[in-house]
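Results of the structural survey
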Amino acid sequence: MVEHFAVRGGARLVGAVDVVGAKNSVLKLMAAALLAEGTTTITNCPEILDVPLMADVLRSLGCTVEVDGGTVTIDVPAEPGASADYRSVSKLRASVCVLGPLVARCRRAVVPLPGGDAIGSRPLDMHASGLRKLGATTEIEHGRVVAHAEGLRGAQIWLDFPSVGATENILMAAVLAEGTTVIDNAAREPEIVDLCTMLQQMGAKIEGSGSSTLTVHGVTGLQPTEHRVIGDRIVGATWAFAAAMTCGEVTVRGVDPHHLDLVLDKLRSAGAQTRIGAGEFTVRMDGRPRAVDFVTLPYPGFATDLQPMAIALSAVADGTSMITENVFESRFRFVDEMVRLGADARTDGHHAVVRGVERLSSAPVWASDIRAGAGLVLAGLCADGLTEVWDVEHIDRGYPRFVENLSELGADIARVSTEPDR
């Protein structure tokens, strides 16, 4: 059966929604469990497709993994395997984060080049360069990253770009390296801080968490731990945009609102009212949003994962917005689908100019990645008639209970299964 979401526009979203653990954190935390023999438990995990996919990657390395609702239990053997299964890795971009832990723990890693979303190239150059500076050799052989290390030694590492993935891989390798490693221009995302917190619980010595300079004093071994994943700021922000676009009022619980300071500031500029509480925030919009410009940048800038939501908001705003994409060059593929919904949008290089219209028009559209899919659903909430959003398996990879949460907020949305064309 083929599934799509049927979205009928016109509803005003009102109510409260709970956000669970961050997709962009839990998968890296699962990989970090490889660094210690024994049983590590991760709680507050999102029930999304990517979690069992990462579990399969870990099983291919000899781990026993149990996924029970929001809890993942990982039993790591004394000698995990060093070669990840191609079929598991090819479905999941984040699976490349096992590279650092395997080099640190096994002194060897063979990881197929990963798959994932179609949002542009995400080369592994910085991952490989950082590992080489720690003393590993890396090369690409037959579509696989192959790394070896007799022993890792601390080093001074400068990242040309604050890559989240490269920071994570280098960090997880450095915690078991001999001596001190300094990672300059490191990524500062809350998910990096979450990883540092878990590694410190396991016995790692890390300074500078949340800053652009991480100092890691290597230790000889780590211990398993239990860790609770931080709330998903991207999912939380998605609900915030949904409230603003539908002139609704939504309270988002389970995420640190300070992880969304810039997002909430942008929504206030668009005319929304916001209220901040402990582990929650509320967004209310009483009229049509005003046009606002957006520029995607590494944290604490505006997240590239929220670019589709920014374009969707701009498509129904009063005025003209410019959205600048500085992270992933193919993310503007989403704009073509927005035009199908009646958006007045043009792209030029890494800029998109969007002139808002009062109401979008329904059409069948296709999701090219997780966030594009969510953005298309939000746009469908502001369109006349019935919008069909296809390729919803992308959305399921990043948003637990997506249809259920929207329905509880008052949206007219349903998951529809049909026989595939033959």
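A short tour of the structure in this document, coming up. (Residues numbered from 1 in each chain as written. Predicted model: local features only at pLDDT ≥ 70, side-chain atom pairs only at ≥ 80, totals over all residues. Heavy atoms only, no water.)

Below, the discussion takes up the pairing of strand β18 (residues 320-324). Each regular strand shows side chains that alternate between the opposite faces of the sheet. Sheet topology places strand β17 (residues 294-295) next to β18; 2 bridges connect them, and they run parallel. Following the sheet pairing, Val295 is matched in β18 by Thr324. Considered for its hand, the β-α-β crossover made up of β17, helix α10 (residues 307-315) and β18 is right-handed. (Pairing = 2+ DSSP bridges. Helix = DSSP H or I, 4+ residues; strand = E, 2+ residues; numbered from the N terminus. Right-handed = clockwise from strand over helix to strand, strands pointing away.)

The next point concerns the sheet that holds strand β25 (residues 412-418). Across the sheet, 4 strands lie side by side as β22-β24-β1-β25; this open sheet has mixed pairing. Looking at strand neighbours, the two that pair on one side only are β22 (364-366) and β25, the edges of this open sheet. Taking each pair of neighbouring strands and ignoring which way they run, the sheet shows an average axis angle of 25°. The pairing of strand β1 (residues 2-8) with strand β24 (residues 386-390) spans 5 bridges and is classified as antiparallel. Bridged to Arg8 within β24 is Leu386. (Axes fitted to C-alpha atoms, helices over the stretch in contact; angles between N-to-C directions.)

Another aspect to go through is the side chain of Thr167. Structurally, Thr167 is set in helix α6 (residues 164-174). One polar contact links the side chain of Thr167 to the main-chain carbonyl oxygen of Ser163, over a distance of 2.7 Å. For Thr167, the contacting residues outside a window of four places in its chain are Leu159, Ile183, Ala186, Ala187, Ile192 and Leu214. (Polar contact = N/O pair within 3.5 Å; in protein donor to acceptor, adjacent residues only side chain to side chain. Contact = heavy atoms within 4.5 Å.)

What follows covers the nonpolar core. Looking at soluble globular proteins, one finds that nonpolar side chains tend to be buried together. If you look at the biggest cluster of nonpolar residues, it comprises 74 residues, and the most contacted ones within it are Met30, Ile74 and Leu199. Setting aside anything within four residues of it in sequence, one finds Met30 in contact with Ile42, Val51, Met54, Ala55, Leu58, Val72 and Ile74. Core analysis: the second largest hydrophobic core is formed by 72 residues, Val235, Ala270, Leu376 and Ala383 among them. (Core = buried A, V, L, I, M, F, W, Y, C linked by side-chain atoms within 4.5 Å. Buried < 20%, exposed > 50% of the residue type's maximum accessible area, 1.4 Å probe, protein only.)

Attention shifts here to unusual backbone geometry. As a rule of thumb, non-glycine residues mostly have phi less than zero, and peptide bonds are mostly trans rather than cis. In this structure, the amide linkage connecting Tyr299 to the following residue, Pro300, adopts the cis form with an omega of 15°. As for its position among the elements, Pro300 is in the loop between β17 and α10. Unlike most non-glycine residues, Arg107 shows phi in positive territory, near 65°. If you trace the backbone, Arg107 turns up in the loop between α4 (99-106) and β6 (108-112). The phi torsion at Arg401 lies on the positive side, around 55°, for a residue other than glycine. Along the chain, Arg401 turns up in the loop between α13 (393-396) and α14 (402-408).

With that settled, the discussion passes to the environment of Trp390. Within the secondary structure layout, Trp390 lies in strand β24. Trp390 gets classed as buried once you look at its relative accessible area, which sits at 17%. The spacing of Trp390 and Val416 is 26 residues in sequence and 9.9 Å in space, taken between C-alpha atoms. Excluding residues that lie within four positions of it along the chain, Trp390 makes contacts with Val2, Glu3, His4, Pro364, Val365, Trp366, Ala367 and Thr418. A distance of 3.2 Å separates the side chain of Trp390 from the side chain of Glu388, its partner in a polar contact.

Geometric values such as these leave the question of function open.
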